[in-house]
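# Structural characterization, general
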Amino acid sequence: MYKSEEEFLALYDSSQFEKLSMTTDILIVSVSDEEQSNYRKTSKKKMSILLVKRNDYPFKDMWCLPGGFLNPQTETLEECAKRILYNETNVKDIYLEQLYTFDSLKRDPRMRVVSTSFIALIDKNKLNTSVNKNASWFDVSYTEENNKVDIVLDNGTETIHTVIQKKLRELTTDRYQFEIVKNTSLAFDHPIVILAGLERIKNKLEYTDIVFNMMPEYFTLGELQQVYEVILGKKLLDPAFRRIIASKVEKTDKVKTGEGHRPSAMFRYKKK
């Protein structure tokens, strides 16, 4: 028996345990205006995510979420995520929350790698710097039918298509197991990370104020409603939406003009 904690630590043999590597991956999501050639038309919103093209093997020249290895001696997982976020995308000081830990046995062909993923939300129009040259914003569209999710990502020059099958794990919960059945150009298990993140954002929209991390300081109620609709993937009735956000926003003395219709009142997030 050991006589003290110090003696135990001095004699402790960590080599008896298998080693593994930890990484973080970040799903960066923005909802912004589509470009309009006709200024009289109201701008429509689109959801997009930031992907990085890999320069090295494995999965060379494929797209992935910004990510990298944890330094176990100097970083927490969140500190690792913030470092990678800035190094790979030039983005910092944005909303960041932990999503899920992905630990599939063969998710990385190099070694056993466990990844803790994060969600980052931003209005990309607020970015003061451009993203790195190997990073690109991809517009997102996805549909679900019979627990099969079809995701299309497009950056204007390249289209990525992935299909994920959802299987209910427990009858008494809404926990699902995800299986990639089709994938073009996305590395690792990142199609599953993307789907899990998008579903988390959709669910949190109903009981948090998370959406305002993707909004400018001032906005019209119509613009805010479009963001809700893009994330939820459905049209909302105006009266019902107004009731949902009544306690979340406050009217300002600013108005929006220049889109070919009468000026609209501008609102802002009402901080608690």
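Throughout what follows, the structure given in this document is the object of discussion. On a predicted model such as this, the values are computed, not experimentally measured, just so you know.

### Digging into the overall build of the protein chain
- A count of helical and extended segments in the protein chain gives five helices and twelve strands.
- C-alpha atoms of the protein chain, sized along the principal axes, occupy 80 × 45 × 45 Å.
- Taken across its 272 residues, the protein chain has 42% of its residues classed as buried.
- Look at the contacts in the protein chain between residues 6 or more apart in sequence, and 54% of them connect residues 24 or more apart.
- Carbon and sulfur atoms make up 48% of the accessible area of the protein chain, which amounts to about 16200 Å² in all.
- Put simply, the protein chain has 42 plus and 40 minus side-chain charges, and the middle of one group is 6 Å from the middle of the other.

### Regarding the nonpolar core
- Counting residues in each nonpolar core, the largest one holds 47 residues, and the members touching the most others are Leu51, Leu153, Leu224, Tyr228 and Ile231.
- A per-element tally of this core places helix α3 (residues 190-204) first, with seven residues.
- Look past the residues within four positions of leucine 153 in its chain and what remains in contact with it is Ile49, Leu51, Phe138, Asp139, Val140, Glu158, Thr159, Ile160, Leu186 and Ile194.
- Counting residues in each nonpolar core, the second largest holds 17 residues, with Cys80, Ile84, Ala120 and Ile122 among its members.

### Some points on the pattern of salt bridges
- Tallied over the full model, the rule gives 17 salt bridges.
- Ionic pairing is found between arginine 200 and glutamate 97, a salt bridge with its closest N-O pair at 2.8 Å. You can see arginine 200 sitting in helix α3 and its partner glutamate 97 sitting in strand β5 (residues 95-102), a full 103 residues away along the chain.
- Given the relative accessible area of 25%, arginine 200 is considered partly exposed.
- In this structure glutamate 97 comes out as buried when scored by relative accessible area, which is 11%.
- Here aspartate 108 makes a salt bridge to arginine 110, at a shortest N to O gap of 2.6 Å.
- The exposure class of arginine 110 is partly exposed, given its relative accessible area of 39%.
- Three or more residues are tied together by salt bridges with common partners; here these are Asp25, Arg107 and Asp189.

### Focus on the environment of proline 58
- As for its placement among the helices and strands, proline 58 is situated in the loop between β2 (45-53) and β3 (63-64).
- Using a relative accessible area of 12% as the deciding quantity, one classes proline 58 as buried.
- The sequence separation of proline 58 and proline 109 amounts to 51 residues, and the corresponding C-alpha distance is 7.4 Å.
- Not counting residues up to four positions away in its chain, the partners in contact with proline 58 are Asp108, Pro109, Arg110 and Phe188.

### A look at the pairing of strand β9 (residues 159-168)
- Two elements, strand β8 (residues 148-154) and β9, share seven bridges in a ladder whose sense is antiparallel. Paired with valine 152 across the strands is histidine 161, a residue of β9.
- The hairpin formed by β8 and β9 contains four residues between the paired strands, and glycine 156 there has a positive phi angle of roughly 100 degrees.
- Note that β9 and strand β10 (residues 176-183) share seven bridges and pair antiparallel. Note on β10: the bridge partner recorded for threonine 162 is asparagine 183.

### As for the packing of helix α4 (residues 221-232) against helix α5 (residues 238-245)
- Running from N to C, α4 and α5 cross one another at 95 degrees; their axes reach a closest spacing of 11 Å. The orientation of α4 with respect to α5, classified from their angle, is roughly perpendicular. Contacts from Leu221, Leu224, Gln225 and Tyr228 in α4 reach Asp238, Phe241, Arg242 and Ile245 in α5.
- Grouping the constituent residues of the contact of α4 with α5 by class yields five nonpolar, one polar and two charged.

### Quick word on the side chain of glutamate 75
- Counting through the fold element by element, glutamate 75 comes out in the loop between β4 (67-69) and α2 (77-89).
- One polar contact links the side chain of glutamate 75 to the main-chain amide nitrogen of asparagine 71, over a distance of 3.0 Å.
- A distance of 2.4 Å separates a polar atom in the side chain of glutamate 75 from a polar atom in the side chain of arginine 83.
- Discounting chain neighbours no more than four positions away, the residues touching glutamate 75 are Phe69, Leu70, Cys80 and Arg83.

### A few points about the state of the cysteines
- Per the counting criterion, the structure on display carries zero disulfides.
- Unpaired in terms of disulfides, cysteine 80 finds its nearest cysteine sulfur in cysteine 64, a separation of 14 Å.

Cut-off values and rules
All residue numbers here refer to positions counted from 1 along the written sequence of the relevant chain. The model is predicted, so local features are restricted to residues of pLDDT at least 70 and side-chain atom pairs to those at 80 or more, both for listing and for counting; the totals for chains, interfaces and linings are taken over all residues. Excluded from the side-chain calculation are hydrogens and water; included are all heavy atoms of the structure. Note on conventions: DSSP H or I runs of at least 4 residues are helices, E runs of at least 2 residues are strands, and numbering of each starts at the N terminus. Relative accessibility decides the category of a residue: with a 1.4 Å probe and only protein chains considered, values under 20% of the type maximum give buried, values over 50% give exposed, and everything between is partly exposed. The contact criterion used throughout is that any non-hydrogen atoms of two residues lie within 4.5 Å. Using the Shrake-Rupley algorithm and a 1.4 Å probe, accessible areas are obtained, with residue cover drawn only from the displayed protein chains. Residues scored as charged are limited to Lys and Arg (positive) and Asp and Glu (negative), so that His and the chain ends carry no count. Charge positions come from single atoms, namely NZ of Lys, CZ of Arg, CG of Asp or CD of Glu. Nonpolar core, defined: a set of buried Ala, Val, Leu, Ile, Met, Phe, Trp, Tyr and Cys residues in which side-chain atoms within 4.5 Å join the residues together. One side-chain nitrogen of Lys or Arg within 4 Å of one carboxyl oxygen of Asp or Glu is enough to make a salt bridge. Paired strands, in this sense, are two strands between which DSSP finds at least two bridges. Here an axis means a line fitted to C-alpha atoms, over the contact stretch when the element is a helix, while the angle between two N-to-C directions is reported on a 0 to 180 degree scale. Relative orientations are named as follows: roughly parallel for angles under 35 degrees, roughly antiparallel for angles over 145 degrees, roughly perpendicular for angles from 65 to 115 degrees, and oblique for any other angle. Any residue that is not Ala, Val, Leu, Ile, Met, Phe, Trp, Tyr, Cys, Pro, Asp, Glu, Lys or Arg is counted as polar, Gly included; the first ten are nonpolar and the last four charged. Polar contacts here mean pairs of N or O atoms no more than 3.5 Å apart (in protein, one a potential hydrogen donor and the other a potential acceptor; neighbouring residues in sequence count only if both atoms are side-chain atoms). The definition used for a disulfide is geometric: two cysteine sulfur atoms within 2.5 Å.

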